[in-house]
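# A structural walkthrough
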Amino acid sequence: LLFAGRLVAEGVSVPDNVAIRVIDRLFVWVRNVDDPLSGWAKEGFEVLGSLFDHPAVSPRLDSLAGDTNVGLSCRVSALEAFEQLRGGERAQLLLAELLPSVYGQSLHQCARIAVRLGQAAIDMVKRRALQMVEEPDSDTNERTDAAEVMRILGLVTEAGNLARSVLEDAKSTPLQLERVAE
């Protein structure tokens, strides 16, 4: 299925009904992958995000990104694919809609999207990362994630300050120390 999707994305000549069937199956697949953070789901969204010649893909990605009946990581991946196809104001609006619920690896993904969208999106993701750190139950894990997000956003000072707070905290795990040292 992924190979067929890549062929369609590359412009290999196939009948329209075959292209539509491949796209339909890709959407069913990425929506229903058991582990949305797996390489399979990621690759499926990469294929969907490369289908520039198929105008029906963008609205379906937009719809999937806004669908509250699917997992958050699936919605963020749909947003990333949508942003690759369309970018712009609608992608920024979807990002703003998703951010209040985003944390962990999905926030890293949002940071990469924000870098491509520009300063307003970067500011939104920065605010979300700092909100996570300020929550009452925040710990070194949230500060580690926030430091990595700031690094992705290119905010060196903020990344350094957060990394320093993790390095100075006796409760930091070896993995967290390793992550912020990068």
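Below you will find a few notes about this structure. (Residues numbered from 1 in each chain as written. Predicted model: local features only at pLDDT ≥ 70, side-chain atom pairs only at ≥ 80, totals over all residues. Heavy atoms only, no water.)

## Side note on the nonpolar core
Counting 55 residues, the largest nonpolar core has Phe45, Leu48, Leu61, Leu95, Leu107, Val125 and Leu153 as the members making the most contacts within it. For this core, the element with the most residues is helix 5 (residues 72-85), which contributes seven residues. Those residues in contact with Leu61, other than ones at most four positions away along the chain, are Phe27, Phe45, Leu48, Ala78, Ala81, Phe82 and Leu85. (Core = buried A, V, L, I, M, F, W, Y, C linked by side-chain atoms within 4.5 Å. Buried < 20%, exposed > 50% of the residue type's maximum accessible area, 1.4 Å probe, protein only. Helix = DSSP H or I, 4+ residues; strand = E, 2+ residues; numbered from the N terminus. Contact = heavy atoms within 4.5 Å.)

## Quick look at a nonpolar patch on the surface
Where nonpolar side chains cluster on the molecular surface, the patch consists of Phe3, Leu7, Val12, Val14 and Val18 and spans about 400 Å² of accessible area. Looking at the element boundaries, Leu7 is found in helix 1 (residues 2-9). Since its relative accessible area comes to 31%, Leu7 is described here as partly exposed. (Patch = residues over 30% accessible without salt bridge, like charges linked within 9 Å, V, L, I, M, F, W, Y side chains within 5 Å. Areas by Shrake-Rupley, 256 points an atom, 1.4 Å probe, with all protein chains shown as cover. Salt bridge = Lys/Arg side-chain N within 4 Å of Asp/Glu carboxyl O.)

## A few points about the layout of surface pockets
Roughly 220 Å³ of volume is contained in the second largest pocket. Forming the boundary of the second largest pocket are 14 residues, of which Asp16, Ala19, Ile20, Ile23 and His54 lie nearest the centre. Broken down by element, the lining of the second largest pocket gets its largest block of residues, five residues, from helix 2 (residues 16-32). Tallied by class, residues from the lining of the second largest pocket come to eight nonpolar, two polar and four charged. (1 Å grid on protein atoms, 1.4 Å probe; cavity = no way out; pocket = protein on both sides within 12 Å on 5 of 7 lines; lining within 4 Å. Points joined across faces, edges and corners; volume = space filled by probe spheres on them. Nonpolar A, V, L, I, M, F, W, Y, C, P; charged D, E, K, R; others polar.)

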